[in-house]
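# What the coordinates show
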Amino acid sequence: MISILRRLTTSLPPLMDPPNSSPRLLALTHQLRLYKPPPLSWDDDDDSEEQRIEETAGKVVSQVGFAESETPIAKDPETFRPKRAAVLICLFEGDGGDLRVVLTKRSSGLSTHSGEVSLPGGKTEEGDKDDGDTATREAKEEIGLDPKLVNVVTVLEPFLSKHLLRVVPVIGILNDKEAFKPAPNPAEVEAVFDAPLEMFIKDENRRAEEREWMGNKFLIHFFDYETNNKKYMIWGLTAGILIRAASIVYKRPPPFVEQNPSHKVLRSVDKNTVLP
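The rules behind these values
Residues numbered from 1 in each chain as written. Predicted model: local features only at pLDDT ≥ 70, side-chain atom pairs only at ≥ 80, totals over all residues. Heavy atoms only, no water. Helix = DSSP H or I, 4+ residues; strand = E, 2+ residues; numbered from the N terminus. Buried < 20%, exposed > 50% of the residue type's maximum accessible area, 1.4 Å probe, protein only. Contact = heavy atoms within 4.5 Å. Areas by Shrake-Rupley, 256 points an atom, 1.4 Å probe, with all protein chains shown as cover. Core = buried A, V, L, I, M, F, W, Y, C linked by side-chain atoms within 4.5 Å. pLDDT = per-residue confidence, 0-100. Salt bridge = Lys/Arg side-chain N within 4 Å of Asp/Glu carboxyl O. Phe/Tyr/Trp six-rings, centres within 6.5 Å; stacked < 30°, edge-to-face > 60°. Lys NZ or Arg CZ within 6 Å of the ring centre and 35° of its normal. Expected span 1.5 Å × (residues − 1). Pairing = 2+ DSSP bridges. Axes fitted to C-alpha atoms, helices over the stretch in contact; angles between N-to-C directions. Parallel < 35°, antiparallel > 145°, perpendicular 65-115°, else oblique. Nonpolar A, V, L, I, M, F, W, Y, C, P; charged D, E, K, R; others polar.

### Topic: the overall build of the protein chain
In terms of regular secondary structure, the protein chain is built from four helices and twelve strands. Looking at the 276 residues of the protein chain, the share that counts as buried comes to 54%. Sequence-distant contacts in the protein chain: of pairs separated by 6 or more residues, those separated by 24 or more amount to 74%. Summed over its atoms, the accessible surface of the protein chain is roughly 12,500 Å², and 49% of this surface lies on carbon and sulfur atoms.

Here it is, written out as structure tokens:
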């Protein structure tokens, strides 16, 4: 089996200038093609990565998420076998020239995380050739986004979700926004909307809560956003991923603490371990 990072980088299509791309999106495409995720805390060249624990729900919504490189979990095939998932950070250029990201509000009828905001995405399924395939497939199923409209340009380092689900953020560029006609699957998605990516590295309409788990303290970020007379709260894993994505795209860190410096993450887990 190849390592997770080699799998992510080699899965990207050859560099080509997409049609209908604005100068800004074209420059962003070239910038992100050069991005390389930081190395993980351990080498993934091991068949044990394919041994996975079951997750209670397939969709990627959680109270808290950590960049995997910041979680020095001991490599132990008997205690850490993460289920794999991918989410799509679909970026496009707004009418005002700003970069915007496509988000969803989960259906209120769902049994878990109903009404919460998330990125399109879900667990890897048999037949997915790579994480980009997983993310774009799920986006098509959830919101009707044709994968042919999305130019997958890079992936970020994996995050760990509440139930220790390994979540790989995939950045894709939507060059022809007019061609995308949202068609949310009512069983999963209540609404599709977009937000400015830069808001996630601004200290406006943001708050953070410090929570304790196993004697360690960590931060959960909350962003309030309003559009078309509707209010949304973007928080937890989704907020964490977008803070990291915005920092990479805009080449600057947020003006706030991304994670508590004193935060320590568990060094060994078992299948019953759950973050608060």
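### A look at the nonpolar core
In terms of nonpolar packing, the biggest core is built from 42 residues, with Ile89, Leu91, Leu103, Phe200 and Leu242 touching the most fellow members. Of all elements in the fold, only helix H2 (23–33), strand E2 (84–93), strand E3 (99–106), strand E8 (166–174), strand E9 (189–196), strand E11 (216–227), strand E12 (230–235) and helix H4 (236–250) reach the threshold of two or more residues within this core. Formed by 17 residues, the second largest nonpolar core is a distinct cluster that contains Ala86, Val102, Val150 and Phe180.

### Examining the confidence of the model for the protein chain
Scored by pLDDT, the protein chain comes out at a mean of 79, with 67% of its residues at no less than 70. Taken as a whole, residues 41–63 scores under 50 in pLDDT and shows 82 contacts with residues more than four places along the chain or in a different chain. Counted against residues more than four places away or in other chains, residues 263–271, with its pLDDT under 50, gives 20 contacts.

### Quick look at the pattern of salt bridges
The full count for this structure, using the stated rule, is 14 salt bridges. Of the charged contacts in the structure, one is a salt bridge between Asp194 and Arg100, with a shortest N-O distance of 2.4 Å. Taken together, the positions of Asp194 in strand E9 and Arg100 in strand E3 put the pair 94 residues apart, joining distant regions of the chain. Residue Arg100 is classed as buried on the basis of its relative accessible area of 14%. For Asp128, the salt bridge is made with Arg137, and the minimal N-O distance between the two is 2.9 Å.

### With respect to the packing of aromatic side chains
Counting across every chain of the model gives five aromatic pairs. An aromatic cluster is built from Phe193, Tyr225 and Tyr232, whose rings are joined through pairwise contacts. When the ring centre of Phe256 is taken as origin, the NZ or CZ atom of Arg206, which lies over that ring, is 4.0 Å away.

### Topic: H4
The first and last C-alpha atoms of H4 sit 21 Å apart over 15 residues, in line with the 21 Å expected at 1.5 Å per residue. Of all the 15 residues making up H4, 15 are buried; the element is thus mostly covered by neighbouring parts of the structure. Looking one or two residues past H4, Lys251 carries a phi angle of roughly 60°, positive in sign.

### Looking at unusual backbone geometry
The phi angle at Asn205 is positive, at roughly 55°, despite the residue not being glycine. Examined against the element boundaries, Asn205 turns out to sit in the loop between E9 and strand E10 (206–213). For Asn205, a relative accessible area of 55% corresponds to the exposed category. The phi angle at Lys251 is positive, at roughly 60°, despite the residue not being glycine. Mapped onto the secondary structure, Lys251 falls in the segment after H4.

### Examining the environment of Val117
Tracing the sequence through the fold places Val117 in strand E4 (residues 117–118). Taking C-alpha positions, Val117 is 4.4 Å from Lys105, a pair spaced twelve residues apart along the chain.

### A look at the pairing of strand E6 (residues 150–155)
Extensive coverage of E6 is indicated by the burial of six of its six residues. Where E6 meets E8, five bridges bridge the pair, whose relative direction is antiparallel. Counted as the bridge partner of Val150 is Leu174 from E8.

### Some points on the packing of H2 against H4
For any two helices packed against each other, one specifies the inter-axial angle together with the distance between the axes. Relative orientation of the contacting elements H2 and H4 amounts to 105°, with a least axis distance of 10 Å. Taken together, H2 and H4 sit at an angle that is classed as roughly perpendicular. Along its contact with H2, which presents Arg24, Leu28, Gln31 and Leu32, the element H4 presents Ile248, Val249 and Tyr250. Taken together, the residues that form the contact of H2 with H4 break down as five nonpolar, one polar and one charged.

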